[in-house]
Each structure stands twice: as C-alpha cells, then as structure tokens.
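Letter by letter, the chains look like this.
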Amino acid sequence: MGNFRKRGKEAVLICVCIVVIAIMPATAPSMPTVSVEPSHLKVLQNETFTINITVNPAGYEIYAAQYDLYFNPDILNAISQSQGDFLSQDGANTIFLVNEINNTIGKIEYGEFRTGVENGVATPGTLASITFKAIKCGRSELKLSNVILSDTNVTKTNVSSGNVIVEPIVFGAMFDTGRGEYPSIAGIHNGTITPKHDITVNCIYTYPCEGTGGHTEHVIIYNDTGIIAEARWNGYIGDYHNITFPNTFILLANHTYNYTIITGSYPQIHHTNILETDDGVITCSEFIDVNGRRYTDWIPAIRLYYRINPTATSNRTENIKVRDT
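Residues numbered from 1 in each chain as written. Predicted model: local features only at pLDDT ≥ 70, side-chain atom pairs only at ≥ 80, totals over all residues. Heavy atoms only, no water.

**Some points on the overall build of the chain**
Now for step 1: Assigned secondary structure in the chain consists of one helix and 25 strands.
Now for step 2: Here the chain holds 325 residues, and 44% of them are scored as buried.
Now for step 3: Carbon and sulfur atoms provide 52% of the accessible area of the chain, an area that totals close to 16600 Å². (Helix = DSSP H or I, 4+ residues; strand = E, 2+ residues; numbered from the N terminus. Buried < 20%, exposed > 50% of the residue type's maximum accessible area, 1.4 Å probe, protein only. Areas by Shrake-Rupley, 256 points an atom, 1.4 Å probe, with all protein chains shown as cover.)

Below you can see the structure in the form of structure tokens.
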C-alpha cells in the first residue's frame, strides 16, 4: 500500500512538472535575421529585377549593419544598390560605410550606421535594395556573407541567402519572313499577311542590315473591320529592333490582314512581290522609299510573335487602342 501511494505521488509530480514546463515562457532569446527577399526568384533572360536585403531585429536595438552579397557574374549583372529605410525609419541620420558593386567578381558590399542618436531600431525593415539584369540563362546563388549587426547584446545573427533562376525567353507560334537582303532603304511598306496557323502577337521584330539600326518606326495591322493593332517606335532605346504592342491580339489562320509598316535606317528587304513561308504568305502592294520612289516588290523582313514579359525586354508603346480580331 505504501509503495502504491509513493508511486502515485511521483506520477502527480511528473504531471505537474510537464504542465509547468509547457506554460513557462521560453527564456532563450531569438536571434536577429538578415534575409534576401524574395529568397527564390525565376526571371527571364534580359529581365531587370530587384531584391531586398531585410533585417528582423528580433527585439534587439540595431545601430549599424553590414553585409557582402555574392552572385554569379556570368548570369547576373548588378545595376544599382540603394539605401532602404531600416536604420533611418525613425528619422535618424545615417552614414554609409561602404556601397560598392563589383560585377567582375560578382560581389556587392554594403555598410551603414546611425548617427546623432543613442538608441537603435528594433522594428523590421529593408536595409538596402539591389537591382540586377539577367544576362544569361542559368542559376545564381545570392549568398550573404560577412553579415554584422551592431548591438551590445547580439552575439549571433541568422542569415538567409537566396537564389535566382534565369530562364530563356519563350517564343510561341509566329509569322516569320526570315532574313532579307540588300539593297535596302527606309520607307513605307503596304501589303497583306495571310497566316497558315493562328498567331498570338504582342511584338514585331525587324531584321536590320548588318551594322545598321534598321527598325520599324510605325506599324498598323488592319482588315475590313478596321485597325486591329498599332504601335510606334520609341527611338534608339534598349532592344529597339523589337516594338511591343500595348495589347495582345490574334491573327487567325487563313485570314488575310493588311499591314502598313514604316521603317527607318536600313532594314532587310525581300525583293519579291509575294513571299511564301512556313507560317503563311506575305505580299507587297506598294513600297514608297524615303526619296519618293515606288516599288511593288519590296517586302520587309519581319517577325510577328508573342513574347513573354515584353515590357522588360523591348521597346514598348503606350496609350494605343488595340482590339482582338
């Protein structure tokens, strides 16, 4: 009987201990965290994107912060690094220790500290923002290193690095005349296009003669019901051989569409009045060159196609109404 009572007391004591442990607050302090956000990215080749370096103080007062960020310079090109509001969120002044980009070795350095105040900041925020351009397909780690946060009580910092995957630009079904030839001159092309298959379109590419800036300055696609799509060139900016239509439209198989394409510099030309391709047929009804001479056998060398995320990679026009066929 005595042993039974003893075992009962031990069982009660164990239960009490379990309950006490369960309701006791954790005494071990959490650690501040410095992170790459977003931590995982998928972007397209030639796309420009921005990541943030964020700090969660976890209750500590942070007076200063620094980090190095390593990336693959064969995959990414760092364009800029700008100050965030983490250390100045309460209006305090800050001073840069370092703000440098080295695209040769793929290293970015940043350091900043508060000045004129005695307290640090304990609210999470963005320490800095970095803008990259994806220059080649592949994967690049965004690895944080040499991370230091200043607080007399901080002994260790959690670090969360990131990575980015650069994917190729995907072209769908298109209407492509292929490359043309000399002689070449700028002017106004008029003719028709009859696709052999449905084509989703948001871009037009103009084949330039080698070593020239041959391009399309103005393009109109229309039929008997009116204008289907229209876009204008914005000048020698970025990928200027491509013009992006403001909206996506569809050219239907075995339907005939009219085009007017005004070109500049020296675009490639097909010297024939009708050209049959794997994608359909394109004709020339009239070409008027910049000197006023008229031809009926000059077809522009172009590609009508759909491009994923065109705003990041091509010369975009705005505020032009476009309706689907």
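**Concerning the pattern of salt bridges**
Now for step 1: The tally for this structure, following the rule as stated, stands at eight salt bridges.
Now for step 2: Taking the shortest distance from any N to any O, the salt bridge between Arg303 and Asp176 comes out at 3.5 Å. Taken as a pair, Arg303 in strand 24 (residues 302–305) and Asp176 in strand 12 (residues 175–176) lie far apart in primary sequence, 127 residues in all.
Now for step 3: Residue classification places Arg303 among the buried residues on the basis of a relative accessible area of 18%. (Salt bridge = Lys/Arg side-chain N within 4 Å of Asp/Glu carboxyl O.)

**Focus: the sheet that holds strand 4 (residues 64–70)**
Hydrogen bonds between backbone groups are what pair the strands of a sheet, and the pairing can be parallel or antiparallel.
Now for step 1: The sheet built from six strands is open, its strands ordered 2-11-9-4-7-6 with mixed pairing. Strands at the two margins of the open sheet, each flanked by one partner only, are strand 2 (40–44) and strand 6 (93–102). Taking the axes of each pair of neighbouring strands and ignoring which way they run, one obtains an average angle of 15° across the sheet.
Now for step 2: Of the pairings in the sheet, the one linking strand 4 to strand 7 (residues 107–115) comprises seven bridges and is antiparallel in character. By the bridge assignment for strand 7, Asp68 is matched with Glu109. (Pairing = 2+ DSSP bridges. Axes fitted to C-alpha atoms, helices over the stretch in contact; angles between N-to-C directions.)

**Overview of the sheet that holds strand 5 (residues 76–83)**
Now for step 1: With respect to topology, five strands assemble into an open sheet ordered 5-8-3-1-10, the strand pairing being mixed. Each edge of the open sheet carries a strand with a single partner, namely strand 5 and strand 10 (158–160). Each strand axis lies, on average, 15° off the axis of its neighbour in the sheet, ignoring direction.
Now for step 2: Sheet topology note: the strand 1 (residues 33–37)/strand 10 ladder contains three bridges and is parallel. Bridge pairing links Ser35 to Ser160 in strand 10.

**Structural notes on the pairing of strand 4**
Now for step 1: Burial runs high along strand 4: five of the seven residues are buried.
Now for step 2: Bridge analysis of strand 4 against strand 9 (residues 138–150) gives six bridges, and the strand direction is antiparallel. Across the sheet, residue Leu69 finds its bridge partner in strand 9, namely Leu144.

**Points about the packing of aromatic side chains**
Now for step 1: Applying the stated criterion across every chain yields a total of eleven aromatic pairs.
Now for step 2: Here the aromatic rings of Phe71 and Phe132 are separated by 5.3 Å at their centres, their planes lie at 70°, and the arrangement is edge-to-face. With Phe71 in the loop between strand 4 and strand 5 and Phe132 in strand 8 (residues 125–134), this pair connects stretches of sequence that are 61 residues apart. Each of the two residues, Phe71 as well as Phe132, counts as buried.
Now for step 3: Residues Phe287 and Trp298 carry aromatic rings whose centres are separated by 5.1 Å and whose planes lie at 10° to one another, so their mutual orientation is stacked. Of this pair, Phe287 sits in strand 21 (residues 280–289) while Trp298 sits in the loop between strand 22 (294–295) and strand 23 (299–300); the two residues are eleven residues apart in sequence, bridging distant segments of the chain. The pair Phe287 / Trp298 is uniform in exposure class, with both members buried.
Now for step 4: Each member of the aromatic cluster is reached from another via a ring pair, and the members are Phe49, Phe71 and Phe132.
Now for step 5: The ring of Tyr305 has Arg303 lying over it, and the distance from NZ or CZ to the ring centre is 5.8 Å. (Phe/Tyr/Trp six-rings, centres within 6.5 Å; stacked < 30°, edge-to-face > 60°. Lys NZ or Arg CZ within 6 Å of the ring centre and 35° of its normal.)

**Digging into the nonpolar core**
Now for step 1: Phe49, Ile51, Tyr67, Leu69, Leu76 and Phe132 are the most contacted members of the largest nonpolar core, which totals 33 residues.
Now for step 2: For this core, the leading source of residues is strand 8, giving five residues.
Now for step 3: Excluding residues that lie within four positions of it along the chain, Tyr67 makes contacts with Ile53, Gln81, Ile108, Glu109, Tyr110, Leu127, Ala128, Ile130, Leu144, Ser145, Asn146 and Val147.
Now for step 4: If you look at the next biggest cluster of nonpolar residues, it comprises 29 residues, including Ile193, Ile269, Leu275 and Ile302. (Core = buried A, V, L, I, M, F, W, Y, C linked by side-chain atoms within 4.5 Å. Contact = heavy atoms within 4.5 Å.)

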